[in-house]
Amino acid sequence: MKQNVFQTPLAGGVETKLPQTAQNAGRAENLTIDKTTGGWSTRIGYEPYIASPTAWTPFGLTGPVYSIHCAQELSGGARQHLFYEADGNLYLVYEALGTDQVLTVAQNRNVPAPTEAGSWYTTTSYGTVITNGVDRPIIVRPWPLAGLVDAIATISQCVRPFGFDGLPTPVDVRNVKPYPAPSGGSFPAPKASGNGAVTLWCPQQGNAIPDGGRWGLGFANNTASGNEDGDKEAVFGWACSFISDTGSEGPISTLSSIKWALDAGAEGFRHACALELPIGPPGTVARKVYRTTNYGDDFVSPGDTTLYFIDLVRNNVETTFFDAVATANLGQPAPEIATGPLPSPAARFSALFNGCLFLDGGINEPTTLFFSTVGLIEQFSAENYIELDSEGGAITALFGNYNTLLIFRENGIDVVQGDFSRGFSATTLSNKVTCRSPHSIKNVPGLGVVFLAVDGVYAVVGGLTGGAVNEVINLTAPQDDLIDRITPDCLARATATFSEKTREYHLYVPVDGSDRPNLGLVLHTDRLATAERLSAWSTRVGFPVGAVTTLYDGTIVFGHHTGNESGNTTSQRGLFVISAKRATGMDFVGQNLVYNTAPTSAYRSAWWSAGDPQMQKQVSYVTVWVMTTGKPQIQMRHYKDFSLSPVLERTYTAQSPDAASQPTLDSAVLGQGEYREDRLVPLRFSVAHMSAAWFCFEIETTEDIVIVGYEYEWTSKGTRVVAGVRA
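Notes on the structure follow. Since we're looking at a predicted model, the values are computed, not measured.

## Describing the layout of surface pockets
Thinking step 1. In this structure, the largest pocket encloses a volume near 1100 Å³.
Thinking step 2. If you trace the largest pocket, you find 41 residues lining it, with H69, C70, Y121, F399 and K442 closest to the centre.
Thinking step 3. Secondary structure elements with two or more residues in the lining of the largest pocket: β6 (65-74), β10 (120-124), β26 (350-353), β31 (395-401), β35 (442-444), β39 (495-499) and β43 (545-550).
Thinking step 4. Across the lining of the largest pocket, the residue classes break down as 22 nonpolar, 16 polar and 3 charged.
Thinking step 5. Contributing to the lining of the second largest pocket are 27 residues, with T115, E116, A117, R348 and A492 lying nearest its centre.
Thinking step 6. Looking at the lining of the second largest pocket residue by residue, the classes come out as 13 nonpolar, 8 polar and 6 charged.

Dropping the structure here:
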């Protein structure tokens, strides 16, 4: 009998909005894109990041992981640092000498509530800046570390507070004990120093030293206009600042001054002054010393305490410093607008943009954006800030994107443009879309900046220069039912990453009242380029993701969202890798860890009506095209008219029906067959049910298959739906 045929050569992704596009799916769960066919592969699962046959070493006591970051300091993974946070501590996975260890970087850090996001990480050329909105920001650079024993002992030296927390201790200046007046043309021995005073004289006479007259402070001649009885007083002030290992200069200390006068009639003597410099905080590599000119009342600049650079002490060890620089040889004046301490000691977010490090103002200044001097990430001037309009609400994330800095806020999205020399300016990009899930923001090549908003997953596409049009588009309008399941108060716990290897954007969100991510939404960017505009989304169920990141090669690593918190000493914990290993991690069987079964993968076709839901159809066959190695057994079930009760069809072995069976694992003879040679096989299922206005089929399996496409064979007698039910 001649029948009608509906064919989908390539099966689309999940679409929950009704009516559905016929080529898409009502359910596409635990699937990934097969690069050979473009179909949906069940070769997906997760396995321990560090495998041990008998223990969860080195994650034995690890609770829920709520933040994770892979810092890349050199291309190719040559210098890669994997950080994660759990139980109020920051850890580093240290992979050296063949023994993987977890080193504690920082302790007693804030543990976020279910409504709060985990720590924010920004990798710079000087280390990784870590903020969380409660603790003072820190900067970590765990390289170079030596062998394992040395690394354990020295890891605490790889982390320090970020930025300067206040003014340096004032310089301690010793008093000057003036050299006595010369007598009879000879130079008597100086008087003894002591009581905080020193005598360091610098002869002014040219025949005293080869470079006479260039060194020393004070007066060479103590007479003025022939008034030999009138003494003059020398008054000088000093200050210093610290230089950190990022090259940044901190605030300048308050002025420390001394004054002295020569004996009446004394001529030919200047003096060098002795200073005691303060030691800087961890991370200090040098100290800058500044000094005034003589600002005594009887000198040319009375009261002028302008500071001038005199020297750079290139260490943080020596404390005694001798200043013999004459006023004529002073350096550049100190900046008119002084560098201040870290302006946001409780910053929540940071980002690098045009050479400057941007920080939000934290909970106390939620609409203020601070930025550092260009190239100096810890040097913040008092004038370097942007005050955003209050209508946008608090800053919820910062994200640098090429020539713009995106500022996500409670009620919209702003964008910062410009540079340090010309100035930065902020404008509103959108006042309709917001992001309260900071760890969902990722740059997806070919698409834009993708993030989770309150009502869906969006992308910022286009640009703001060269006539480009910038817009914010919704990527999940056909998947609104999935978005509506997200626990609204826990949006901040959503976590995402993009893998260049699989070309997938992974987003894990808490749904159905959960306080931690328990549903994954995966955007398969390869599907965005299909001419059919098929849905590019699938879902992940059973993946215990608490926080997720990507290694240099695109491998996705996540931290377990429960871990030791479950109270079960043998439960899964620590870090895991999403891979093609068809397993749901490992669990104990007796005393040994063994791989669990593969995750259950499911594909349910869209509800199909042949273009006319009023007409009754009789579907007689469903043919599913699968790539298979021959051994999997597949059962299909189908539904009619939105019924929740399926009809089960018989189970088929995934072998070609009209050819010799291909060899399978443990059955092939060496040299006579290749059991791993996949084959495209049509599996034709006979469908037995009465007429239906709507129809769909579903395959749920733990087998290794690739669903490429499918087709329906159907007929219709032209019968239409009867009249509606009478009231």
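Picking up after the structure, the text goes on.
## Notes on the pairing of strand β41 (residues 519-524)
When a strand is regular, its side chains alternate between the sheet's two faces.
Thinking step 1. In terms of residue burial, β41 counts as a mostly covered element, since 6 of its 6 residues are buried.
Thinking step 2. Pairing geometry for strand β40 (residues 504-509) and β41, over 6 bridges, is antiparallel. When the sheet's bridge partners are listed, V509 is paired in β41 with L519.
Thinking step 3. Two elements, β41 and strand β42 (residues 537-540), share 4 bridges in a ladder whose sense is antiparallel. Following the sheet pairing, G520 is matched in β42 by R540.

## What to know about the sheet that holds β31
Thinking step 1. In spatial order, the strands read β31-β32-β33-β34; together these 4 strands make up an open sheet with antiparallel pairing. Edge strands, defined here as strands with exactly one partner in the open sheet, are β31 and β34 (423-430). Pairwise comparison of adjacent strand axes, ignoring direction, gives a mean angle of 25° for this sheet.
Thinking step 2. As judged from the 7 bridges shared by strand β33 (residues 412-419) and β34, these two strands associate in the antiparallel manner. Of the residues in β34, the one forming a bridge with I413 is S430.

## Here's the deal with the pattern of salt bridges
Thinking step 1. This model, assessed by the stated rule, comprises 25 salt bridges.
Thinking step 2. Among the ionic pairs, E565 bridges to R516, the shortest N-O distance being 2.8 Å. Note that E565 is positioned in the loop between β44 (556-560) and β45 (575-579) and R516 in the loop between β40 and β41, a separation of 49 residues in sequence.
Thinking step 3. Linked by salt bridges that have partners in common, R27, E29, R604, R637, E698 and E700 make up one network.

## Observations concerning the side chain of S430
Thinking step 1. Tracing the backbone shows S430 in strand β34.
Thinking step 2. The exposure class assigned to S430 is buried, which follows from its relative accessible area of 11%.
Thinking step 3. Within the structure, the side chain of S430 is placed 3.2 Å from the backbone nitrogen of K432, a separation counted as a polar contact.
Thinking step 4. Residues within four places of S430 in sequence aside, it is in contact with G412, I413 and V472.

## A look at the sheet that holds β43
Thinking step 1. Strand order in the open sheet made by the 4 strands is β5-β45-β44-β43, with antiparallel pairing throughout. Sheet topology places β5 (45-48) and β43 at the edges, where each strand pairs with a single neighbour. For this sheet, the mean angle separating the axes of adjacent strands, direction not counted, is 35°.
Thinking step 2. Where β44 and β45 come together, 4 bridges link them in antiparallel fashion. Bridge assignment links G559 to a residue of β45, and that residue is L575.

## With respect to the state of the cysteines
Thinking step 1. Going through the model one piece at a time under the given rule, you end up with 0 disulfides.
Thinking step 2. Here C158 stays free of any disulfide, with the sulfur of C70 as its closest cysteine sulfur at 17 Å.
Thinking step 3. Exposure remark for C158: the relative accessible area of 14% places this residue in the buried category.

## Some words on a negative patch on the surface
Thinking step 1. Taken together, D455, D480, D481 and D484 make up a surface patch of like negative charges.
Thinking step 2. Mapping D481 onto the fold places it in helix α2 (residues 480-484).

## Description of the environment of E95
Thinking step 1. Topologically, E95 is positioned in strand β8 (residues 89-96).
Thinking step 2. The residues touching E95, leaving out its near neighbours within four places in the chain, are Y49 and D100.
Thinking step 3. Among the polar contacts made by the side chain of E95, one reaches the side chain of Y49 at a distance of 3.1 Å.

## Observations concerning the environment of V129
Thinking step 1. Among the secondary structure elements, V129 is positioned in strand β11 (residues 127-131).
Thinking step 2. Ignoring sequence-local partners within four residues, the contact set of V129 consists of W120, Y121, T122, T124, I138, I139, F162 and S350.

## A few points about the packing of aromatic side chains
Thinking step 1. If you walk through the whole model with that rule in mind, you get 32 aromatic pairs.
Thinking step 2. Ring centres of Y46 and F543 lie 5.4 Å apart, and the angle between their planes is 55°; on these two criteria the pair is classed as tilted. Of this pair, Y46 sits in strand β5 while F543 sits in the loop between β42 and β43, placing them 497 residues apart in sequence. In this pair, the class of Y46 matches that of F543, namely buried.
Thinking step 3. An angle of 50° between the planes, with centres 6.0 Å apart, marks the rings of F353 and F424 as tilted. Of the two residues, F353 sits in strand β26 while F424 sits in strand β34, which places them 71 residues apart along the sequence. Here F353 and F424 have matching classes, each one buried.
Thinking step 4. A network of ring pairs unites the aromatic residues F6, Y603, W608, F695, F697, Y710, Y712 and W714 as a single cluster.
Thinking step 5. Over the face of the ring belonging to F543 we find R540, whose NZ or CZ atom lies 5.7 Å from the ring centre.

## Looking at the side chain of E649
Thinking step 1. The residue E649 is located in strand β51 (residues 647-653) in this model.
Thinking step 2. With no salt bridge to any partner, buried E649 finds its closest opposite charge in R650, at an N-O distance of 7.9 Å.
Thinking step 3. One polar contact links the side chain of E649 to the main-chain amide nitrogen of A688, over a distance of 3.3 Å.
Thinking step 4. With sequence-adjacent residues up to four places away left out, E649 is seen in contact with Q635, M636, H638, S686, V687 and A688.

Criteria and cut-off values
The numbering scheme is per chain: residues are counted from 1 as the chain's sequence reads. Given that the model is predicted, a residue must reach a pLDDT of at least 70 before its local features are reported, and side-chain atom pairs must reach 80 or more before they are shown or counted; all residues, however, enter totals for whole chains, interfaces and linings. Processing note: side-chain calculations cover all non-hydrogen atoms of the structure and skip hydrogens and water entirely. Buriedness for pockets is judged along seven lines, at least five of which must meet protein on both sides within 12 Å for an open set on the 1 Å grid over protein atoms alone, while cavities are sets there where a 1.4 Å probe fits but cannot get out, and lining residues have an atom within 4 Å of a point. Grid points are joined across faces, edges and corners, and a volume is the space filled by probe spheres set on the points. The helix count covers DSSP runs of H or I at least four residues long, the strand count covers runs of E at least two residues long, and both are numbered beginning at the N terminus. Ten residue types, Ala, Val, Leu, Ile, Met, Phe, Trp, Tyr, Cys and Pro, are classed as nonpolar, four, Asp, Glu, Lys and Arg, as charged, and the remainder, Gly among them, as polar. Three exposure classes are used, based on accessible area relative to the maximum for each residue type with a 1.4 Å probe and protein chains only: buried under 20%, partly exposed in between, and exposed over 50%. Whether two strands pair comes down to DSSP finding at least two bridges between them. Orientation is described by lines fitted to C-alpha atoms, with helices fitted over the stretch in contact, and by angles between N-to-C directions that extend from 0 to 180 degrees. By convention in these notes, a salt bridge is any Lys or Arg side-chain nitrogen within 4 Å of a carboxyl oxygen on Asp or Glu. By the criterion applied in these results, polar contacts are pairs of N or O atoms within 3.5 Å in which, for protein atoms, one can donate a hydrogen and the other can accept it, and in which residues neighboring in sequence qualify only through two side-chain atoms. Two residues qualify as a contact provided that any one of their heavy atoms is within 4.5 Å of a heavy atom in the partner residue. We call a pair of cysteine sulfur atoms a disulfide when they lie within 2.5 Å. What goes into a patch is any residue over 30% in relative accessible area without a salt bridge, connected to like charges within 9 Å or, for nonpolar side chains (Val, Leu, Ile, Met, Phe, Trp, Tyr), within 5 Å. Where accessible areas are quoted, they stem from the Shrake-Rupley method and a 1.4 Å probe; at the residue level, only the protein chains shown are allowed to cover. The charge count includes Lys and Arg as positive and Asp and Glu as negative, but it does not include His or the ends of the chains. By convention, the charge on Lys lies at NZ, on Arg at CZ, on Asp at CG and on Glu at CD. Aromatic pairs are defined between Phe, Tyr and Trp rings, using the six-membered ring for Trp, whenever the two ring centres lie within 6.5 Å; interplanar angles under 30 degrees are classed as stacked, those over 60 as edge-to-face, and all others as tilted. Sitting over a ring, as applied to charges here, requires NZ of Lys or CZ of Arg to be within 6 Å of the ring centre and within 35 degrees of the ring normal.

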